[in-house]
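Next come the chains, spelled out residue by residue.
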Amino acid sequence: MLKSLFAGVSGLQSHQVAMDVESNNIANVNTVGFKYSRANFSDLLAQTRAIATAPQGELGGKNPVQVGLGATVSSMTRIFSQGSVQNSDKNTDVAIQGDGFFIISPDGGNTYKYTRAGDFKFDAGGNFVDNNGFIVQGWLRDPATGYVDATAPITNINIPPGLTTPASATQNVTIKANLNSGPLVETFSPEYEVPAGTPPALPTPPALDENGNPIESGNMGVMFNETGEAFNLQADQGIWASFLSSTTTAPAAVSAGAAELDLTFELDDGTTKQITTSGALATNTADQNGARFVSAINAQTSVTGISASYDTITDSLTIVNSNSNPNSSHNIRISAVGAGDGSGFAVATVTTAWRYQYDPTAATKVAGSDKTFTTIADLREALETQANADGGGATSNVEISVNSGGKFELKNPGGSANDYNINLSITGMSAASISGGGITENTKFTRNMEALNATLPSGTTATAFSQSFNAATHSASIDIFDSLGSKHTLRTEFRKVAVDTLTGSTWNMKLSVPEPATIDTVIPYNDKAGFVRFNNDGSLATYNPPNVSFTANNGSAPNQQVSIELGTANSFDGMTSFDAASATSGISQDGFTGGDLVGIRIDQSGTLIGSFSNGRSFGLAQIGMAKFTNNEGLTTEGGNVYVQTANSGNPIIGTAATAGRGFMQSAALEASNVDLSLALTQLIIIQRGYQANGKTITTSDQLLQTLIGLKN
């Protein structure tokens, strides 16, 4: 009978413990990071009244007869399920989503404790602490490398009040951009100015940039017109140009009587055109024959380009080729005169129109012959050389230049004995322009040059202009910093200068900084010339310079080495050259001016990122996290703090979101994981269990009373 009494007492005691546990859970329903517990019941040792027996023969086996002696609380289980994450208005609040614990220390890192409550703050000394004043452990930024090393031992997280970051001089400039390789560009600039004159009066190199410094002239094979359309000049394409009409007068008079015309003209392509007449009468006068000859020659003007006129006073013929018809032959070349010809002409050649053809490898600019050009400076010099030679000597004052707008300028100011009235005719070159053909007219180039056609009397103040010639360009700028934190604008300009069908294209690169800063050792000191070459698949081939030596000349450290990073050779990770609009997709540098700490935020990895008044942000520290093999083996010390035990295992320390550790959410706190509905239900169960055990005791008491009453 006493057994039932003591079993009831053990039940009461066990349910009282369970009641204590559940009350604690409910009490901490609003405790940040709290994890609820449950009491685990188990039965006590049972009294065995009969042991179990095995079956024997025809008699079956018997089960043991045992009487239980009650219940006890054998263990407590802490449930580490995820609590809900609640946003807060404090950016130093941190919640853990997933497994793991914050590491805190009450004694400067000698011993560690652990918590899920991320209600952190900075104290007066800049220590990152919890509500107990325990310092959060993690890793600090290495001032030498500028990075947080999460492989080092953890330490107190401390951000000194009034933290400032000193100025950092720029060491790297990285540019990622595409330079348009297509036939139509949107960004272009006029070709460099080339002054009038011939060597040695010209600057070396012959062109002048926008600052008046000598620079190489642009290759005409990669130029563009005023609307951004590429000329795409091919070898031997070009123009005819003449500053004077070709003209000659027959040395003898036209014959009278039954005379006929029999002249053979050589055409531009080396073929010939014979012009003859027939049906002359013996009674014809010289004037009548002259009229017949003029009519026959002019009937072929569309082929020969030659027109004729007759002088009734001198009875002589004059023929002229204005060289202005692009579909006709140029110059006058009488290659044969028939035996019966009565025109008075003899074999003769009069040449004032010359071919100016593009040659990507070399230029020839000798007066009185066909010429070749590579650059716009070559073409300008070739035209001016011929223009002055046509006046009878190099002392003519004809001036041809390329202005700052990329246009050819033609002037005829006079002032010399060899000056003459210019009648410039420029026409395109086609297959009929050279022996054997093999070329087609480049109409875009012809249109640009034809605009220069003009009649300029000697001594006139008028000026003739071509259309503009342009280069594909692109530019990008970024501010770099010296050792004092002063800003200087580094401008990078790209200009297309060459194309090779086998290897790709080449662009000039000019780096410049505002004076008095310098990046070069030769004049101009604030400019640095270089180049960028691309492969024929648009990838970067090579570039130069890879770095510049920058001196601000303002008291900062001189000879600051700035690396120019345009990408990896034969890759597409930096500069490219595709048939797409020129555009900068990324430009950055690593320097900055000094600044004061103005704010701190925490990212998902637990890194405390400082924002400074200079606009820079970088990691100042990183919160460490610990993970245990058995979280339930930790013991609590109050204040939301856990301590390692022999059964929890050793802490595995690392960064958030790695190796099974959860990630961190800033400006948020993890709420208690107590479920009130479950806790209150559990209270009812415990209450009923307690009542039932109490009933066991009262019933046992009544039985004892009955037993005692038997004596009476």
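So, how was this worked out
- Residues numbered from 1 in each chain as written.
- Predicted model: local features only at pLDDT ≥ 70, side-chain atom pairs only at ≥ 80, totals over all residues.
- Heavy atoms only, no water.
- Helix = DSSP H or I, 4+ residues; strand = E, 2+ residues; numbered from the N terminus.
- Rg over C-alpha atoms; globule rule 2.2 N^0.38 Å.
- Buried < 20%, exposed > 50% of the residue type's maximum accessible area, 1.4 Å probe, protein only.
- 1 Å grid on protein atoms, 1.4 Å probe; cavity = no way out; pocket = protein on both sides within 12 Å on 5 of 7 lines; lining within 4 Å.
- Points joined across faces, edges and corners; volume = space filled by probe spheres on them.
- Phe/Tyr/Trp six-rings, centres within 6.5 Å; stacked < 30°, edge-to-face > 60°.
- Expected span 1.5 Å × (residues − 1).
- Pairing = 2+ DSSP bridges.
- Axes fitted to C-alpha atoms, helices over the stretch in contact; angles between N-to-C directions.
- Salt bridge = Lys/Arg side-chain N within 4 Å of Asp/Glu carboxyl O.
- Core = buried A, V, L, I, M, F, W, Y, C linked by side-chain atoms within 4.5 Å.
- Contact = heavy atoms within 4.5 Å.

Q: Before we move on, can you summarise the overall build of the chain with the specific residues and values?
A: Along the chain, the regular secondary structure elements total six helices and 50 strands. Relative to the 2.2 N^0.38 estimate, which gives 27 Å for 712 residues, the radius of gyration of the chain is 50 Å and therefore markedly larger than a compact globule would have. For the chain, the C-alpha atoms occupy an extent of roughly 190 × 80 × 40 Å along the three principal directions. Expressed as a percentage of the 712 residues in the chain, the buried residues total 44%.

Q: Give me the lowdown on the layout of surface pockets, citing residues and values where you can.
A: Taken as a whole, the largest pocket holds about 700 Å³ of empty space. Considering the residues around the largest pocket, the lining is formed by 33 residues, among which Tyr 192, Asp 209, Glu 210, Ile 215 and Lys 510 are closest to the centre. Elements represented by at least two residues in the lining of the largest pocket include exactly strand E15 (188–190), strand E17 (214–215), strand E34 (470–481), strand E35 (487–500), strand E36 (504–512) and strand E37 (527–534). With five residues, the single largest contributor to the lining of the largest pocket is E37.

Q: Break down the packing of aromatic side chains for me, citing the residues and quoting the values.
A: With the rule as written, the count across this model stands at 17 aromatic pairs. A ring pair is formed by Phe 80 and Phe 101, whose centres lie 5.7 Å apart and whose planes are at 80 degrees; its orientation type is edge-to-face. Linking Phe 80 in the loop between strand E4 (71–78) and strand E5 (85–87) with Phe 101 in strand E7 (residues 101–105), this pair joins segments that are 21 residues apart in sequence. Taking the centre distance of 5.8 Å and the plane angle of 20 degrees together, the rings of Phe 572 and Phe 578 count as stacked. In this structure Phe 572 comes out as partly exposed when scored by relative accessible area, which is 42%. Connected via pairs of aromatic rings, a cluster forms that spans Phe 231, Tyr 358, Phe 373, Phe 408, Phe 445 and Phe 469.

Q: Would you mind going over unusual backbone geometry in detail, with residue names and values included?
A: The linkage connecting Ile 523 with the following residue, Pro 524, adopts the cis geometry, with an omega of -5 degrees. Mapped onto the elements of the fold, Pro 524 is located in the loop between E36 and E37. In this structure, Pro 545 follows Asn 544 across a cis peptide bond, with omega equal to 5 degrees. The topology assignment puts Pro 545 in the loop between strand E38 (540–544) and strand E39 (547–550). Even without glycine at this site, Ala 657 takes up a positive phi of about 65 degrees. Considering the arrangement of structural elements, one finds Ala 657 in the loop between strand E48 (652–654) and strand E49 (663–666). For Ala 659, which is not glycine, the phi torsion reads 55 degrees and is therefore positive. Relative to the elements of secondary structure, Ala 659 occurs in the loop between E48 and E49.

Q: Now, about the environment of Asp 89: what can you tell me, with residues and values included?
A: By the secondary structure assignment, Asp 89 is in the loop between E5 and strand E6 (94–97). Classification of Asp 89 as exposed rests on a relative accessible area of 88%. The spatial distance from the C-alpha of Asp 89 to the C-alpha of Val 148 is 27 Å, given a sequence separation of 59 residues.

Q: Any details on helix H4 (residues 376–389)? Residues and values, ideally.
A: Between the first and last C-alpha of H4 there are 20 Å, a value that for 14 residues agrees with the 20 Å anticipated at 1.5 Å per step. Taken as a whole, H4 has its buried residues at Ile 376, Ala 377, Asp 378, Leu 379, Arg 380, Glu 381, Ala 382, Leu 383, Glu 384, Gln 386, Ala 387 and Asn 388.

Q: Tell me about the sheet that holds strand E25 (residues 332–337), and please be specific about residues and values.
A: Strands sit in the order E22-E21-E25-E26 across an open sheet of four strands; the sheet is antiparallel. Looking at strand neighbours, the two that pair on one side only are strand E22 (272–276) and strand E26 (348–350), the edges of this open sheet. Taken over all neighbouring pairs, the strand axes of this sheet differ in orientation by 25 degrees on average, direction set aside. The sheet contact formed by E25 and E26 spans three bridges and is antiparallel. Its bridge partner being in E26, Arg 333 is matched across the sheet by Thr 349.

Q: Kindly report on the pattern of salt bridges, identifying the contributing residues and their values.
A: All chains considered together, the criterion is met by 20 salt bridges. A salt bridge links Lys 113 to Glu 637, with the nearest nitrogen and oxygen atoms 2.7 Å apart. Of the two residues, Lys 113 sits in strand E8 (residues 113–115) while Glu 637 sits in strand E46 (residues 635–638), which places them 524 residues apart along the sequence. Taking the relative accessible area as the measure of exposure, Lys 113 reaches 14% and is therefore buried. With a relative accessible area of 48%, Glu 637 lands in the partly exposed category. Here Lys 510 and Glu 493 are joined by a salt bridge, their closest N and O atoms 3.9 Å apart.

Q: Explain the pairing of strand E27 (residues 353–358) to me, and be specific about the residues and the numbers.
A: It is a general feature of regular strands that their side chains alternate between the two faces of the sheet. For E27, a buried count of six out of six residues is recorded, marking the element as mostly surrounded by other parts of the structure. With five bridges connecting them, strand E19 (residues 238–242) and E27 associate as antiparallel partners. Bridge pairing links Gly 238 to Gln 357 in E27. Here E27 pairs with strand E28 (residues 371–373) via three bridges, running parallel. Counterpart to Gln 357 in the pairing with E28 is Thr 372.

Q: Residue-level account of the nonpolar core, with values.
A: Ranked by internal contacts, the top residues of the largest apolar core, which has 37 residues, are Phe 243, Tyr 356, Phe 408, Leu 410, Phe 445 and Met 449. At the level of elements, E19, E27, H4, strand E29 (399–402), strand E30 (408–411), strand E31 (422–428), helix H5 (443–450) and strand E32 (454–456) are the ones that each hand at least two residues to this core. Examining the composition of this core, we find that six residues originate from one element, H4, more than from any other. Not counting chain neighbours up to four residues away, the residues in contact with Tyr 356 comprise Gln 237, Gly 238, Ile 239, Ala 241, Phe 243, Lys 371, Phe 373, Leu 379, Ala 382, Leu 383, Gln 386 and Met 429. Counting 29 residues, the second largest nonpolar core, distinct from the first, contains Leu 179, Ala 230, Trp 507 and Phe 550.

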